[in-house]
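Each chain is listed here by its residues.
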Amino acid sequence: MNKVKSLISGIALSVTLAGATLAAGVDVNASNTGLAMQGFDPVAYFTVGEPTKGDYRLTSVYNDATYWFSSEENKAAFEANPEAYAPAYGGFCAFGTAMGFKFDGDPNYWKIVDNKLYLNLSAQIQERWNEDVPGFIVSADTNWTDIADKTPEELQAQ
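In short, a report on the structure. (Residues numbered from 1 in each chain as written. Predicted model: local features only at pLDDT ≥ 70, side-chain atom pairs only at ≥ 80, totals over all residues. Heavy atoms only, no water.)

### Points about helix α7 (residues 133-147)
Step number 1: In a regular helix each residue adds 1.5 Å, so 15 residues correspond to 21 Å; α7 covers 20 Å between its end C-alpha atoms and thus fits that length.
Step number 2: If you check which residues of α7 are buried, you get V133, F136, I137, A140, W144 and I147.
Step number 3: If you follow the buried residues of α7, they end up packed against α5 (94-98), β3 (106-113), β4 (116-120), α6 (123-130) and α8 (152-157).
Step number 4: Between the side-chain oxygen at the start of α7 and the backbone nitrogen of G135 there is a gap of 3.1 Å, and the oxygen is on D132. (Helix = DSSP H or I, 4+ residues; strand = E, 2+ residues; numbered from the N terminus. Expected span 1.5 Å × (residues − 1). Buried < 20%, exposed > 50% of the residue type's maximum accessible area, 1.4 Å probe, protein only. Contact = heavy atoms within 4.5 Å. Polar contact = N/O pair within 3.5 Å; in protein donor to acceptor, adjacent residues only side chain to side chain.)

Right under this line is the structure:
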């Protein structure tokens, strides 16, 4: 009987993960399982000032993507105001967005500007972005209105 319960639990989890795969829209940089920010806690950037891996048991769904948290307090803060903690441009690379493309945002390359979390693709891209953060944010904000609903592949094909 325990094997049957385990099988049913496994099937339910698979269906949940499959649903999450289809649920996360093109405006959020999520894995094929729907996980945002590679499992890093978005609130920790603001509270401890560094990338902090979340716990798969402490989750919240926002914009159809799953976020992990390192503490119940961070989860509660996120759920109270997800817009304050979710990364800009759905977690895509801020510099890439400024250029009109969608590239993965790496949670290890980040910056908080005016209480908003921005991710970048790599250390080299972050260095380039740091050369004109305000200008790149203006460009990215403008571009985001046109590219948010397009897949990365659609943007690269143009």
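This is not the end of the story, as more comes after the structure.
### Some details on unusual backbone geometry
Step number 1: Although it is not a glycine, M37 sits at a positive phi angle of roughly 55°.
Step number 2: Assignment of secondary structure puts M37 in the loop between α1 (2-23) and α2 (44-47).
Step number 3: Taking relative accessible area as the criterion, M37 reaches 5% and is therefore assigned buried.
Step number 4: The backbone of Q38 sits at a positive phi, close to 55°, despite the residue not being glycine.
Step number 5: Relative to the helices and strands, Q38 resides in the loop between α1 and α2.

### Things to note about the nonpolar core
Step number 1: Y89, V113, Y118, W129, I137 and W144 are the most contacted members of the largest nonpolar core, which totals 18 residues.
Step number 2: Within the residue set of this core, elements represented by two or more residues are α5 and α7.
Step number 3: Examining the composition of this core, we find that six residues originate from one element, α7, more than from any other.
Step number 4: Other than its neighbours up to four places away in sequence, V113 contacts Y118, W129, V133 and I137. (Core = buried A, V, L, I, M, F, W, Y, C linked by side-chain atoms within 4.5 Å.)

### What about the pattern of salt bridges?
Step number 1: Summed over all chains, the structure comprises two salt bridges.
Step number 2: Where D55 meets R57, a salt bridge forms, and the shortest distance between an N and an O atom there is 2.8 Å.
Step number 3: Two residues, E131 and R128, come together in a salt bridge whose shortest N-O distance is 2.9 Å.
Step number 4: Classification of R128 as partly exposed rests on a relative accessible area of 37%. (Salt bridge = Lys/Arg side-chain N within 4 Å of Asp/Glu carboxyl O.)

### Quick look at the pairing of β3
Step number 1: Bridging between β3 and β4 involves five bridges; their strand directions are antiparallel. Bridge pairing in β4 places W110 opposite L119.
Step number 2: Counting the residues that bridge the hairpin from β3 to β4 gives two residues, and of these D114 lies at a positive phi of roughly 50°. (Pairing = 2+ DSSP bridges.)

### Regarding the side chain of N29
Step number 1: Position of N29 among the secondary structure elements: in the loop between α1 and α2.
Step number 2: Overall, N29 belongs to the buried group, its relative accessible area being 15%.
Step number 3: At 3.3 Å, the side chain of N29 forms a polar contact with the backbone oxygen of G91.
Step number 4: What N29 contacts, discounting residues up to four positions off in sequence, is L35, A36, M37, G90, G91, F92, F103, D104 and G105.

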